[in-house]
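Below, each chain spelled out in residue letters.
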Amino acid sequence: MVSVAPYFYTEKLVTLSKLYGIETEYDDFWGKKHQASKEELINILKSMGVVIKTQRDIELAILKFKIRNARKHIKSVYVFNESQKELEICINTKLAEKNEEIWNTLTWNIIFEKGNSISHKIKREDLKIKSESSLNNKKYITYKFLLTEKIPLGYHTLQIKTEKFECETRIIMSPISCYIPPCFENKSFEKDNENKRFWGISTQLYSLRSYWNWGIGDFSDLKKVINIASQVNASLIGINPLHAICPKDIRGESPYYPTSRNALEFLYLDLGLTQEFQDSKEIQDEILKSDFQNELKSLQGANLVEYQRLKKLKLQVLKLLFNVFKNNHLGKHTKREQDFLNFCKENLGAFTYALFESLDSVFNKDNENSQGFFSWPEEYKDPSSSKVKEFIKNNSDSINFYLYIQFLADEQLTNISNYSKEKKLTLGIYLDLALGARKDGAESWANQDIVAKNINIGAPPDFYNFEGQDWNIGCWDPNKLQNKAYKPYIRLLRDQMKYADVLRIDHVMSLMRLYWIPQGESAKNGVYVKYPLEDLMGIVALESHRNKCLIIGEDMGLVPPEIRKQMDKRFMLSYKVLMFEKENDTEFKAPKKYPKNAVVVTSVHDTPPLKGFWYAKDISVRRNIGIYNEEIAEKLFQLRKSERETLSVLLKTENIYLPEKYINGEFSKEVNIALHKLVAKTPCRLMLTTIDDLIASEELMNLPGTYEEYPNWRSKLTIPLEEVIDKSDIREISEAIRSEGR
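**Considerations on the overall build of the protein chain**
Argument step 1. When its secondary structure is counted, the protein chain shows 23 helices and 26 strands.
Argument step 2. Here the protein chain has a C-alpha radius of gyration of 28 Å; the compact-globule value for 742 residues is 27 Å, and the two agree.
Argument step 3. Projected onto its principal axes, the C-alpha positions of the protein chain cover 90 × 65 × 55 Å.
Argument step 4. Looking at the 742 residues of the protein chain, the share that counts as buried comes to 57%.

**Structural notes on the packing of helix α7 (residues 290-301) against helix α8 (residues 307-328)**
Argument step 1. In contact at an axis separation of 11 Å, α7 and α8 are set at 140° when each is read in the N-to-C sense. Relative to α8, α7 is oriented oblique. Viewed along their axes, α7 and α8 form a crossing whose handedness is left-handed. Residues Phe-292, Glu-295, Leu-296, Ser-298 and Leu-299 of α7 form the contact with α8, whose own contacting residues are Arg-309, Leu-310, Leu-313, Gln-316 and Val-317.
Argument step 2. The residue makeup of the contact of α7 with α8, split by class, is 6 nonpolar, 2 polar and 2 charged.

**Digging into the packing of aromatic side chains**
Argument step 1. Considering all chains together, one arrives at 31 aromatic pairs under this definition.
Argument step 2. Judged by centre distance (5.7 Å) and plane angle (45°), the rings of Tyr-256 and Trp-713 are tilted. In this pair, Tyr-256 sits in the loop between β13 (243-244) and β14 (260-264) while Trp-713 sits in the loop between α22 (691-694) and α23 (730-739), placing the two residues 457 residues apart along the sequence. Assigned by exposure class, Tyr-256 and Trp-713 land together as buried.
Argument step 3. Judged by centre distance (5.5 Å) and plane angle (80°), the ring pair of Phe-340 and Phe-407 falls under edge-to-face. Taken together, the positions of Phe-340 in helix α9 (residues 335-346) and Phe-407 in helix α12 (residues 396-422) put the pair 67 residues apart, joining distant regions of the chain. One exposure class covers both Phe-340 and Phe-407, and it is buried.
Argument step 4. Connected via pairs of aromatic rings, a cluster forms that spans Phe-322, Phe-325, Phe-340, Phe-343, Phe-401, Tyr-402, Tyr-404 and Phe-407.
Argument step 5. The cationic tip of Lys-223 hangs over the ring face of Tyr-419; the distance from NZ or CZ to the ring centre is 4.8 Å.

**Let's talk about the pairing of strand β25 (residues 598-601)**
Argument step 1. Taking every second residue as pointing to the same face, both faces of β25 are buried, with Ala-598 and Val-600 on one and Val-599 and Val-601 on the other.
Argument step 2. Summarising the sheet, strand β22 (residues 574-577) and β25 pair through 4 bridges and their orientation is parallel. Counted as the bridge partner of Lys-576 is Val-600 from β25.
Argument step 3. Inspection of the sheet shows β25 paired to strand β26 (residues 686-690) by 3 bridges, in the parallel sense. Its bridge partner lying in β26, Val-599 is registered against Leu-686.

**Quick word on the pairing of strand β4 (residues 87-94)**
For a regular strand, side chains alternate in direction, first toward one face of the sheet and then toward the other.
Argument step 1. Among the 8 residues of β4, 6 are classified as buried, and the element is accordingly described as predominantly covered.
Argument step 2. Strand direction decides the pairing type here: β4 and strand β8 (residues 138-147), joined by 8 bridges, are antiparallel. Opposite Lys-94, over in β8, you have Tyr-140 as the bridge partner.

**Some words on the nonpolar core**
Argument step 1. Judged by nonpolar contacts, the single largest core of 188 residues is most densely connected at Ile-201, Phe-219, Leu-318, Tyr-489, Trp-516 and Met-572.
Argument step 2. Of all the elements, α12 adds the most residues to this core, at 12 residues.
Argument step 3. Counting residues in hydrophobic clusters, the runner-up holds 26 residues, among them Phe-80, Ile-89, Cys-90 and Leu-147.

**Details of the side chain of Asn-81**
Argument step 1. Mapped onto the elements, Asn-81 comes out in strand β3 (residues 77-81).
Argument step 2. Of the polar contacts made by the side chain of Asn-81, one reaches the side chain of Ser-83; its length is 2.3 Å.

**Here we look at the pattern of salt bridges**
Argument step 1. Under the defined criterion, the tally for this structure stands at 45 salt bridges.
Argument step 2. Glu-467 serves as the salt-bridge partner of Lys-524, at 3.4 Å between the closest nitrogen and oxygen. With Lys-524 in the loop between β19 (513-518) and β20 (527-530) and Glu-467 in the loop between β16 (455-459) and β17 (469-473), the pair connects residues that are 57 residues apart, well separated along the chain.
Argument step 3. The closest approach of N and O atoms between Glu-723 and Lys-727, which form a salt bridge, is 3.1 Å.
Argument step 4. On the basis of relative accessible area, Glu-723 is assigned to the buried category, the value being 18%.
Argument step 5. The exposure class of Lys-727 is exposed, given its relative accessible area of 56%.
Argument step 6. Salt bridges linked by common partners bring Lys-582, Asp-618, Arg-640 and Glu-643 together as one network.

Parameters and conventions
Residues numbered from 1 in each chain as written. Predicted model: local features only at pLDDT ≥ 70, side-chain atom pairs only at ≥ 80, totals over all residues. Heavy atoms only, no water. Helix = DSSP H or I, 4+ residues; strand = E, 2+ residues; numbered from the N terminus. Rg over C-alpha atoms; globule rule 2.2 N^0.38 Å. Buried < 20%, exposed > 50% of the residue type's maximum accessible area, 1.4 Å probe, protein only. Axes fitted to C-alpha atoms, helices over the stretch in contact; angles between N-to-C directions. Parallel < 35°, antiparallel > 145°, perpendicular 65-115°, else oblique. Left-handed = near helix turned anticlockwise from the far one by under 90°. Contact = heavy atoms within 4.5 Å. Nonpolar A, V, L, I, M, F, W, Y, C, P; charged D, E, K, R; others polar. Phe/Tyr/Trp six-rings, centres within 6.5 Å; stacked < 30°, edge-to-face > 60°. Lys NZ or Arg CZ within 6 Å of the ring centre and 35° of its normal. Pairing = 2+ DSSP bridges. Core = buried A, V, L, I, M, F, W, Y, C linked by side-chain atoms within 4.5 Å. Polar contact = N/O pair within 3.5 Å; in protein donor to acceptor, adjacent residues only side chain to side chain. Salt bridge = Lys/Arg side-chain N within 4 Å of Asp/Glu carboxyl O.

Given below as structure tokens:
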């Protein structure tokens, strides 16, 4: 930790911090004001490239910040929404030595997205002065003018020209709200009895068992889930993040800890579906060999997903498939080659992922303790370096191999999206966008110019984690992201929405602020950094309309009121979990108290499924692995007993019958149906139940706060998908859900 004299914590340090969007205080979980220490502020400033060692450094940093902004004629991007009638544009300029302007006429020209343009000239004396300043003995002035022309939705370029300088900025015009699916449109939806409500089934794809997968759920299994949903009249299926992961360590198995959110995870591929597999008898014979079949059967029979073994087995076959693809298509001018080339051209994220994997396969081939690109030779750590360009030129075959893998994943997931429409799922496919990416992975490598240096993101201390949480994932510096006109974020959204009819944004509070923790520091020593909420919300709204994608914001926990206000304004659905929706921390909320514009879920990946909750499986596991001692566990068991009783009272109040013998007894079919009916009664527009809850599984997918102690992200369903309809109570549960108007 940086050691500084007490007088450093001055009003000027606070001023400097606020210039960079650093919040110097926040209200903690207990409602107390937490004031950031001088050390915390200095550490965060350092991650933004501002090194503070003396009081003079603070003063110089403030001056440099102001001069840099004053010298920039126009900011990089403006985000407006269509309700704004007058759009204010600001131009910075420096006064001449004799206090005379150095230009007299300003010409602006808007080039619209479709190529047409409009322009206008303004005399300097007709411009309004917004502000004046004197910095380092130089005088600066900021002029403003209004664009009153109708600007269509989309991404446009505003060019500015005077006698002395030229500059340009990006204009993003966004809709007022996010996309509203036609099935939601109802002029009278504010009336309780006319609120259209739907339900769906969510799943952790890796966890799916089936007769034919290789020991991990795959895209063909998603088709089976769609078929199940169709049979019980569900309106959508929800899936965990499908981002490319890097399961070289235990944490890397998490779908919320990806190497890249711009690429898809290849372990979900059904390799038998590929055209190259169908075209090659040699590959078909290869997988029938005894050694291959023995490993395959072992993986299929395993109770947990074995990521490393699966990766090895699937890569072995993928290399054979790629050879067939090369021989049959590359350079042969076939339609499949053209489809591949089009995919490569349109998917920059897939290319950077492929390049990263190709480099990593060289530099970390035999390195079991690799740290991603941190372990590479220095000259390859910069994606724009001459060495990387040379590598691209000399290793096209390797890069094309990883591009081919992404091409296959795109092909299969697109097919899944289309299949959901064929089966008439009203709301289609629901995908999940993870908060961030691992710091040593492909996404962070490709975006080093905007990634905050030596920063982890997490959460401050609360009732559940007295030490706070460090999620060990990186984040983007909001100032640098803005200077990029938000292009990386726009690309990220598009890479999800191209497949998704519904997109859940994990930790939606990240659009407003993130809790930054300097690397090596305790999670207690973090601070919040602001993000441009209005701008990012506007971009989400625009992309949701362009891709016809309903947006859900995961807003669990302590969320600032500004976020909820923006979500309401933008028609971004809130996210409600049955187990967390309480009043006074004791009584569960009555269904009528849930908001309409929300999705309500029976359970999530970080909670036990309903049966696990009923039996307090989460408490038992924590006790068994030593997180809770017997005394604490016993108190929590009693609390869970009280929660079951409170739920039972609520069920009775809502006229949902549950025999008393089940309140603290067996988790029976009757209990499962009753809890699903309770959730279905809420006015929330969308309800999600998990396939785990439908088959009454009690296994936890993830136990927050654990690392090696519990096999997170590896549990499998207890029965194969092919048997779900006949060997579970899914039909009766779905009838109960529909009886509540869904």
